[in-house]
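Summary of structural features
Here are the chains, one letter per residue:
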Number of protein chains: 2
Amino acid sequence: MSIIVLGTVALDTVKTPFGIRKHMLGGSAVHFAMAARLFTDVNLVAIIGEDFPLRYIEFLHKKGINLTSLIKGKGKTFKWEGEYKGDLNTALTLNTELGVLSTFRPVISQEQKKIKHIFLANVDPDIQKHLLKCMHAPTLVGLDSMNYWINHKRKALLHILKKVNIYVANDQEARSLSGESNLLKAAQYLRALGPQMILIKKGEHGVLFLSDKFTPPRARGAGPIFSIPAYPTAKVIDPTGAGDTFAGGFMGYLTRVKRINESSIKKAIAYGTIAASFNIEDFGVNKTAYLTRKDLEQRLAKFRKCVLF
Amino acid sequence: MSIIVLGTVALDTVKTPFGIRKHMLGGSAVHFAMAARLFTDVNLVAIIGEDFPLRYIEFLHKKGINLTSLIKGKGKTFKWEGEYKGDLNTALTLNTELGVLSTFRPVISQEQKKIKHIFLANVDPDIQKHLLKCMHAPTLVGLDSMNYWINHKRKALLHILKKVNIYVANDQEARSLSGESNLLKAAQYLRALGPQMILIKKGEHGVLFLSDKFTPPRARGAGPIFSIPAYPTAKVIDPTGAGDTFAGGFMGYLTRVKRINESSIKKAIAYGTIAASFNIEDFGVNKTAYLTRKDLEQRLAKFRKCVLF
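Attention here is on the structure that accompanies the text. Quick caveat, the model's predicted, so the values are computed rather than measured.

Residues and elements named next belong to chain B. Strand order in this open sheet of 9 strands is S5-S4-S1-S8-S9-S10-S11-S12-S13, and the pairing throughout is mixed. Strands at the two margins of the open sheet, each flanked by one partner only, are strand S5 (66-72) and strand S13 (225-228). Strand-to-strand, the axes of this sheet are offset by a mean angle of 15°, without reference to chain direction. Relative to strand S8 (residues 117-120), strand S1 (residues 2-6) runs parallel, the two being bridged by 4 bridges. Looking at the pairing, Ile3 lines up with His117 of S8.

The subject of this paragraph is the packing of helix H10 (residues 262-279) of chain B against helix H11 (residues 293-307) of chain B. Residue and element names in this part refer to chain B. The geometry of H10 relative to H11 is characterised by a closest axis approach of 10 Å and an angle of 110° between their N-to-C directions. Taken together, the axes of H10 and H11 lie roughly perpendicular to each other. Counted together, Lys267, Ala270, Tyr271, Thr273, Ile274, Ala275, Ser277 and Phe278 of H10 and Arg293, Asp295, Leu296, Glu297, Arg299, Leu300, Phe303 and Arg304 of H11 form the full contact between these two elements. Among the residues making up the contact of H10 with H11, the classes are represented as 8 nonpolar, 2 polar and 6 charged.

Its rotation angle being 180°, the transformation that places chain B on chain A also includes 0.0 Å of axial translation and leaves an RMSD of 0.0 Å. In symmetry terms, the pair is related by a two-fold rotation axis. Most of the interface of chain B is mirrored in chain A, where 100% of its interface residues are also at the interface.

What follows deals with the interface of chain B and chain A. Listed per partner, the contact involves 33 residues of chain B and 33 residues of chain A. Considering only the surface of chain B that becomes buried against chain A, His205(B), Ala234(B) and Phe309(B) emerge as the three largest contributors, covering 26% of it. Counting across the chain B and chain A interface gives 2 salt bridges. A salt bridge links Arg175(B) to Glu204(A); the shortest N-O distance between them is 3.3 Å.

Attention shifts here to the nonpolar core. Leu120(A), Phe250(B) and Ile269(B) are the most contacted members of the largest nonpolar core, which totals 113 residues. If one sorts the elements of this core by residue count, H10(B) sits on top with 9 residues. Sequence-distant contacts of Leu120(A), defined by excluding residues within four places in its chain, comprise Leu6(A), Gln128(A), Leu131(A), Leu132(A), Val141(A), Gly142(A), Leu143(A), Asp144(A), Ile160(A) and Val164(A). In this structure, Met34(A), Ile127(B), Ile160(B) and Ile225(B) belong to the second largest nonpolar core, which totals 111 residues.

A few words now on unusual backbone geometry. Trans peptide bonds make up most of the peptide bonds, and negative phi angles are found at most residues other than glycine. Even without glycine at this site, His23(A) takes up a positive phi of about 50°. Here His23(A) is to be found in strand S3 (residues 19-26).

Here we take up the side chain of Ser264(A). Residues and elements named next belong to chain A. Within the element layout of this structure, Ser264 appears in helix H10 (residues 262-279). Among the residues examined, Ser264 registers a relative accessible area of 6% and is labelled buried. There is a polar contact of 2.8 Å between the side chain of Ser264 and the backbone oxygen of Arg259. In this structure Ser264 touches Tyr253, Leu254, Val257 and Arg259, once residues within four positions along its chain are discounted.

Take the packing of aromatic side chains next. Applying the stated criterion across every chain yields a total of 22 aromatic pairs over all chains. Relative to Tyr271(A), the ring of Phe39(A) lies with its centre 5.1 Å away and its plane at 75°, an arrangement referred to as edge-to-face. Here Tyr271(A) lies in helix H10 and Phe39(A) lies in the loop between helix H1 (28-36) and strand S4 (41-48), a separation of 232 residues in the sequence. Exposure remark for Tyr271(A): the relative accessible area of 3% places this residue in the buried category. A centroid spacing of 4.7 Å and a plane angle of 10° characterise the contact between Phe32(B) and Phe119(B), whose relative ring orientation is stacked. Highlighted residues: Phe32(B) in helix H1 (residues 28-36) and Phe119(B) in strand S8, separated in sequence by 87 residues. On the basis of relative accessibility, which here comes to 0%, the residue Phe32(B) falls in the buried class. An aromatic cluster is built from Phe39(A), Tyr253(A) and Tyr271(A), whose rings are joined through pairwise contacts. When the ring centre of Phe278(B) is taken as reference, the NZ or CZ atom of Arg299(B) above it lies at 3.7 Å.

Analysis parameters
- Residues numbered from 1 in each chain as written.
- Chains lettered and ligands numbered in written order.
- Predicted model: local features only at pLDDT ≥ 70, side-chain atom pairs only at ≥ 80, totals over all residues.
- Heavy atoms only, no water.
- Pairing = 2+ DSSP bridges.
- Helix = DSSP H or I, 4+ residues; strand = E, 2+ residues; numbered from the N terminus.
- Axes fitted to C-alpha atoms, helices over the stretch in contact; angles between N-to-C directions.
- Parallel < 35°, antiparallel > 145°, perpendicular 65-115°, else oblique.
- Contact = heavy atoms within 4.5 Å.
- Nonpolar A, V, L, I, M, F, W, Y, C, P; charged D, E, K, R; others polar.
- Least-squares fit on C-alpha atoms with pLDDT ≥ 70 in both.
- Buried area = accessible area lost by both parts, 1.4 Å probe.
- Salt bridge = Lys/Arg side-chain N within 4 Å of Asp/Glu carboxyl O.
- Core = buried A, V, L, I, M, F, W, Y, C linked by side-chain atoms within 4.5 Å.
- Buried < 20%, exposed > 50% of the residue type's maximum accessible area, 1.4 Å probe, protein only.
- Polar contact = N/O pair within 3.5 Å; in protein donor to acceptor, adjacent residues only side chain to side chain.
- Phe/Tyr/Trp six-rings, centres within 6.5 Å; stacked < 30°, edge-to-face > 60°.
- Lys NZ or Arg CZ within 6 Å of the ring centre and 35° of its normal.

Honestly, it's all geometry; don't read function into it.
Okay, structure coming up:
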């Protein structure tokens, strides 16, 4: 099995209390891929500009990422510049240069159209919709978005939400789209928008999952609820991409397992949590790019001791 | 085994989006007692004023709480008035009338002095210290405090922290006293102040526990870490006293078990979490006063399904 991820490949400039890094390899698709590659073959669908360093392409290639559908556009690579202060929970965006991203229209190979699992990371909902239409018969579709699209392309976002299985949102986005401050109510609201599975990422507080996929038909919004805390760590250097890394571990694991059920979903959440806990320990993909399955398994065993009673 | 709790007995006026209730039975010692009574005999040490309704005394008596050391002082009962808005996570204090609390000096019986487990709920650190001195040979001492004492009686608080086994703080208090924004670092800092066990309550996000009591001697601040999410619920009516209810379930369970070790601590956290999840479902003690062990066990089983993987 393999997975396809649509998202951004970016040059990130990040300032945290631990230092500043300029034009690091980043973007939602890259962070996702670094975690998902530990479980499955990853096909990356994204656009870069003419200024994108060749060494980053070689790096992604060496990591085993399929770059067939990584397009080079005319113009500059998407750039994001942000800063974290205090508890490093919230990024302050200092600057965004869309560059080639504003003209991006994904093109994938005939082989890739047959892939069953797909993750639509945060890009314009119209681009997400376009790619989803290209797929022949996807069986598991995950989607991420951001406040910008919730506010500026709400209609397009609501439309594509009807066509996906899993919606991955952070707590702010879930509250913003639903208008509910209680996160369980927010998840129930989002469930009613279409996706059978709702995953709300709460940063340092872990993940809330809601689904009625695994229960007999009953009232909308009912069904199993999982709540899993984050891996407790005092080492937070740069949280950029933690959410995408979580999604990569989560979707990657689900692509590897034979059956998607309550038990494998819970384990997928745990793997995503662990992958994200490594991501925040260094700038950009400095940590996740060198992770092994063994690293994940070792920390998962520690995590179990922290949270099981 | 029995437990002694020092704290407030109050008349609470609470406004939430679900209504307003005037002069309800409240206070840290009352909320603690409603949960702890499900596991052990509870001895309440507090002061009330001349205006305290007799029906509340009868009510506490009927709940099996030992009221030997509930003093009636000259003046009015301690009153708190607060409001919750939005996600009901933070209380806005509208008014506080200390009344008899300002002259409170606890007096307990010779029998009570022999009790081994004690919880010093939120009152002036000098009062906490006074009661602790009365005890003959306590083996498990828990302490709660609040931002007011951290800011205004820091020295007295630091002094008593050296003499307790468990410090129960909410996330704001932990950050305020430690100066650390990362909660694990905050817990490590608080551990260094004396208590072998640190419990940080994160409201809707659950609990973080740190201790080195159960590990061989090593670096200060090391040792087991547990992180347990809150019970996921959409029903939040009035969160007043949730932290004290948690502490009551936690300390109550530890008073019942034969051995205090990693396993029983984790289970105590789970019971505290479940007790608190009931508390927030109605105003004041309306829900917890009628709880049974069976209610706790049933919800604990549901909770396990939510959080174990």
